[in-house]
Amino acid sequence: MRHPSSYRDPSGFIFKKDGKVYRQINPVFFDEYNAAVSSGIYNFLFDKKWLVRHKELSSNPSRIVLEPEQLDFITYPYEWSFTQYKHAAQLTLRLQIGLLKNDFCLKDASAFNVTFHKGKAIFIDTLSIERYKANTPWKALKQFNQHFFGPLLLSQYHGSLHLKTLQYSINGMDLNEVKRQLPFFSRFNPTVYSHIYTLSKSDGENDTNHGISNPSVELSKASQIKMLSALEMFIDNMESKENTEWSKYYSVTNYNEKSFEFKKDLIVKWNKELNSKKVIDLGGNDGTFGKELLAQVDQLIVCDIDQPAVDQCYLEHLKNDSNKLTCVVNDLLQPSPAIGFDNQERSSFNSRVIDFAPDLCMALALIHHITLSGNVPFEMSAQYFSQFSKYLIIEFPDREDSWVEFILDSKREARHLFDDYTISAFAKAYQKHFNLIKSEKIVGTARTLFLFERL
Amino acid sequence: MNNLLYFDAGLGMMIAQGAIATVAGFVLFYKKIITILQGWLGIRKAAKENSFDSNYNKDTEIK
């Protein structure tokens, strides 16, 4: 059955069979595929870890079937932190430059062609690679700027909200819109001016309607490489200046060092007993606690609402060269919905987590935000967590906790509406969906760690 | 070859690439001169810890 996301490119499509993902290549793309195979370009990119590996399963005149390496969890561009987004953009440009040098090119530059696997950005659309026709400009430049450069620029100037662009505009951001939102002085940068201000003049026009059906526009390969190298250099130097309280959470939190270590030890001990191999840490901040499990697990997903915290998690992971960690920016009070054609092209965060089938879900220092800031009743959050994994480790900060006090104080005269926020009400509600295996108070804090097993 | 483009690449976009490439050539030349001058003055940029390349074990430059 054809995957709902795989309908745009006539070269072929992805389909699922017996829980596995395969790629069909249509006859119209056979020449391109065979040229890539005989040149060795696929193997070269596999070795670089830039392209998802595949093996050819069958070939006949009507179709070629590939079996790509199976990816357990796909993240979408609107779930990446700033540096992740930057690295995905750089991967696309490096691929195009590298392919050009080998007389191939990328026929599209959709940000959805990239995801993160084993901690690294990886290109997943094998059929985007085709032979380069001498002196043709890069047809995907407009798409690259709409999917990558525009959102990155706006995010740099106006905040990480713009990294979510593709969630509401799946085909990328209109460059005129990008131009409108850029500060005046940005036009004095030659890279920004040429890629946004110049190109925006032709964005939004349907050139094919101008009676020019087969225009002969030429650009030498060397010139194209220069253009892309300068763009890649600019993107490499981009930085997000965004910072929030959460990215420095652990330096200002109310844990003392002893409590901090106690909590870490308890999580490691409990997970060792559970022998969980796939773990998702919801509200995992910069992954401080989740990463304690890296020695025990095969895969760890750290998810948090806060872009700078997730970025920090990703940057730390780069230093440690772990290939088990996937970082995701997501707000659990409004997780990424299913979007695209028929609401099936890109699946929701929740459904991807369910498909990932983690053994353990962790929700540390999260429930007070969901319950008190999000007003989500305990019964609903319990049901939410129970859909993901058999085991749940959840931390409950009691009313005496300084964060809880802070949130309750902010409710002012509505404070009494949250009188039910108590440890007994919490435990009672959660036991409608879980068996309580054990709980332990984190020494030196007003917080308790619970281990639940789904009913 | 190159006949399976399934989105509008934009003719204006493609024409503009010549001009963009000229600007890029100037930018790269300027950066190179600056790097040479900095080298003469003994100013060396520290390698970035969290660069794109640090994410991959091997050189990322395709030869």
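Thresholds applied
- Residues numbered from 1 in each chain as written.
- Chains lettered and ligands numbered in written order.
- Predicted model: local features only at pLDDT ≥ 70, side-chain atom pairs only at ≥ 80, totals over all residues.
- Heavy atoms only, no water.
- Helix = DSSP H or I, 4+ residues; strand = E, 2+ residues; numbered from the N terminus.
- Rg over C-alpha atoms; globule rule 2.2 N^0.38 Å.
- Buried < 20%, exposed > 50% of the residue type's maximum accessible area, 1.4 Å probe, protein only.
- Pairing = 2+ DSSP bridges.
- Axes fitted to C-alpha atoms, helices over the stretch in contact; angles between N-to-C directions.
- Salt bridge = Lys/Arg side-chain N within 4 Å of Asp/Glu carboxyl O.
- Patch = residues over 30% accessible without salt bridge, like charges linked within 9 Å, V, L, I, M, F, W, Y side chains within 5 Å.
- Areas by Shrake-Rupley, 256 points an atom, 1.4 Å probe, with all protein chains shown as cover.
- Core = buried A, V, L, I, M, F, W, Y, C linked by side-chain atoms within 4.5 Å.
- Contact = heavy atoms within 4.5 Å.
- Parallel < 35°, antiparallel > 145°, perpendicular 65-115°, else oblique.
- Left-handed = near helix turned anticlockwise from the far one by under 90°.
- Nonpolar A, V, L, I, M, F, W, Y, C, P; charged D, E, K, R; others polar.
- Polar contact = N/O pair within 3.5 Å; in protein donor to acceptor, adjacent residues only side chain to side chain.
- Bend = angle between axes of the 7 residues up to and from the residue.
- Expected span 1.5 Å × (residues − 1).
- Arc of directions from axis to C-beta.

**Brief notes about the overall build of chain A**
In step 1: A count of helical and extended segments in chain A gives 16 helices and 15 strands.
In step 2: A compact globule built from 455 residues should have a C-alpha radius of gyration of about 23 Å, and chain A, at 24 Å, falls within 12% of that.
In step 3: Based on the C-alpha atoms only, the size of chain A along its principal axes is roughly 75 × 55 × 40 Å.
In step 4: When the 455 residues of chain A are sorted by exposure, 58% land in the buried category.

**Some details on the sheet that holds strand S3 (residues 54–60) of chain A**
Residue and element names in this part refer to chain A.
In step 1: Strand order in the open sheet formed by 4 strands is S1-S2-S4-S3, and the pairing between neighbours is antiparallel. For this open sheet the edge positions go to strand S1 (12–17) and S3, each flanked by a neighbour on one side alone. Recorded for the sheet is a direction-independent mean angle of 25° between the axes of neighbouring strands.
In step 2: Sheet topology note: the S3/strand S4 (residues 63–68) ladder contains 6 bridges and is antiparallel. The residue bridging glutamate 56 from the neighbouring strand is leucine 66, located in S4.

**Points about the pattern of salt bridges**
Residue and element names in this part refer to chain A.
In step 1: Scanning the entire structure with this criterion turns up 21 salt bridges over all chains.
In step 2: The shortest N-O distance in the salt bridge between glutamate 232 and arginine 94 comes to 3.1 Å. With glutamate 232 in helix H8 (residues 221–236) and arginine 94 in helix H3 (residues 82–101), this pair connects stretches of sequence that are 138 residues apart. Residue glutamate 232 shares its accessibility class with arginine 94, and that shared class is buried.

**Re a nonpolar patch on the surface**
In step 1: A grouping of Phe26, Phe29, Tyr30, Ile33, Ile34, Ile36, Leu37, Trp40, Leu41 and Ile43 of chain B is seen on the molecular surface, where their side chains present a nonpolar patch of about 1,100 Å² in accessible area.
In step 2: With respect to the helices and strands, isoleucine 43 of chain B occurs in the segment after helix H1 (11–40).

**Topic: the nonpolar core**
Residue and element names in this part refer to chain A.
In step 1: Counting residues in each nonpolar core, the largest one holds 105 residues, and the members touching the most others are Leu91, Trp138, Phe144, Phe148, Phe149, Ile196 and Ile235.
In step 2: In contact with phenylalanine 148, other than residues within four places in its own chain, are Trp80, Tyr85, Ala88, Ala89, Thr92, Ala109, Ser110, Ala111 and Val114.
In step 3: Ranked by size, the runner-up nonpolar core spans 37 residues in total, among them Leu332, Cys361, Tyr421 and Tyr430.

**Things to note about the packing of H3 of chain A against H8 of chain A**
Residues and elements named next belong to chain A.
In step 1: Contact geometry for H3 and H8: axes closest at 10 Å, N-to-C directions at 160°. Taken together, the axes of H3 and H8 lie roughly antiparallel to each other. Viewed along their axes, H3 and H8 form a crossing whose handedness is left-handed. Across the interface between the two elements, Lys86, Ala89, Gln90, Leu93, Arg94, Gln96, Ile97, Leu100 and Lys101 from H3 touch Lys221, Gln224, Ile225, Leu228, Ser229, Leu231, Glu232, Ile235 and Asp236 from H8.
In step 2: Looking at the contact of H3 with H8 residue by residue, the class counts come to 8 nonpolar, 4 polar and 6 charged.

**Thoughts on the environment of tryptophan 138 of chain A**
Residues and elements named next belong to chain A.
In step 1: Note on placement: tryptophan 138 falls in the loop between strand S8 (129–131) and helix H4 (141–158).
In step 2: Spatially, the C-alpha atom of tryptophan 138 lies 33 Å from that of asparagine 323, the residues being 185 residues apart in sequence.
In step 3: A distance of 2.9 Å separates a polar atom in the side chain of tryptophan 138 from the backbone oxygen of leucine 106.

**Examining the pairing of strand S13 (residues 391–397) of chain A**
Residue and element names in this part refer to chain A.
In step 1: With 7 of 7 residues buried, S13 lies mostly within the body of the structure.
In step 2: On S13, burial covers both faces: Tyr391, Ile393, Glu395 and Pro397 on one face and Leu392, Ile394 and Phe396 on the other are all buried.
In step 3: With 4 bridges connecting them, strand S12 (residues 360–363) and S13 associate as parallel partners. Looking at S13, one finds that methionine 362 is bridged to isoleucine 393.
In step 4: Across 7 bridges, the pairing between S13 and strand S15 (residues 447–454) is antiparallel.

**Some remarks on the side chain of threonine 448 of chain A**
All names here are of chain A.
In step 1: Topologically, threonine 448 is positioned in strand S15.
In step 2: For threonine 448, a relative accessible area of 9% gives the class buried.
In step 3: Ignoring anything within four residues of it in the chain, the contact list for threonine 448 reads Ile394, Glu395, Phe396, Ile423, Ser439, Glu440, Lys441 and Ile442.

**Details of H4 of chain A**
Residue and element names in this part refer to chain A.
In step 1: At phenylalanine 149, H4 shows its largest kink, close to 35°, and the proline proline 151 lies no more than four residues downstream.
In step 2: Counting buried positions along H4 gives 16 out of 18 residues, so the element sits mostly inside the fold.
In step 3: One or two positions beyond H4, positive phi appears at glycine 159, with a value near 110°.

**Considerations on the environment of leucine 91 of chain A**
In step 1: Mapped onto the fold, leucine 91 of chain A is located in helix H3.
In step 2: When the C-alpha positions of leucine 91 of chain A and leucine 417 of chain A are compared, they lie 50 Å apart, and in sequence the two are 326 residues distant.
In step 3: Discounting residues that sit within four places of it in the chain, leucine 91 of chain A has contacts with Trp50, Val114, Ala121, Ile122 and Phe123 of chain A together with Phe52 and Tyr56 of chain B.

**Thoughts on helix H10 (residues 257–274) of chain A**
Every α-helical turn comprises 3.6 residues, leaving residues that sit three or four positions apart pointing alike.
Residues and elements named next belong to chain A.
In step 1: For H10, with 18 residues, the first-to-last C-alpha span of 26 Å sits near the 26 Å given by 1.5 Å per residue.
In step 2: Those residues of H10 that sit buried are Ser259, Phe260, Lys263, Lys264, Leu266, Ile267, Trp270, Asn271 and Leu274. For H10, the arc enclosing every buried residue in end-on projection is 160°, short of the 170-degree limit, so these residues lie on one face. Exposed residues on H10 whose side chains face more than 90 degrees from its buried face are Glu257, Lys258 and Lys272.
In step 3: One side-chain oxygen of the residue at the start of H10 lies 3.0 Å from the amide nitrogen of lysine 258, identifying that residue as asparagine 256.

**A word on the packing of helix H14 (residues 378–386) of chain A against helix H16 (residues 423–430) of chain A**
Residue and element names in this part refer to chain A.
In step 1: Where H14 contacts H16, the axes come no closer than 8 Å and their chain directions differ by 45°. Taken together, H14 and H16 sit at an angle that is classed as oblique. Both H14 and H16 take part in a crossing whose hand is right-handed. The residues of H16 that touch H14, namely those facing Phe378, Glu379, Ser381, Ala382 and Phe385, are Ala425, Phe426, Ala429 and Tyr430.

**Some words on the sheet that holds strand S11 (residues 325–329) of chain A**
All names here are of chain A.
In step 1: The strand order across the open sheet built from 7 strands is S11-S10-S9-S12-S13-S15-S14, with neighbouring strands paired in mixed fashion. The open sheet has two edge strands with one neighbour each: S11 and strand S14 (434–441). The mean inter-strand angle of the sheet, taken between neighbouring strand axes irrespective of direction, is 15°.
In step 2: Packing against the sheet, helix H11 (residues 307–320) makes contact with strand S10 (299–304) and S11, and its axis sits at approximately 165° to S11.

Purely geometric numbers; function is a separate question.
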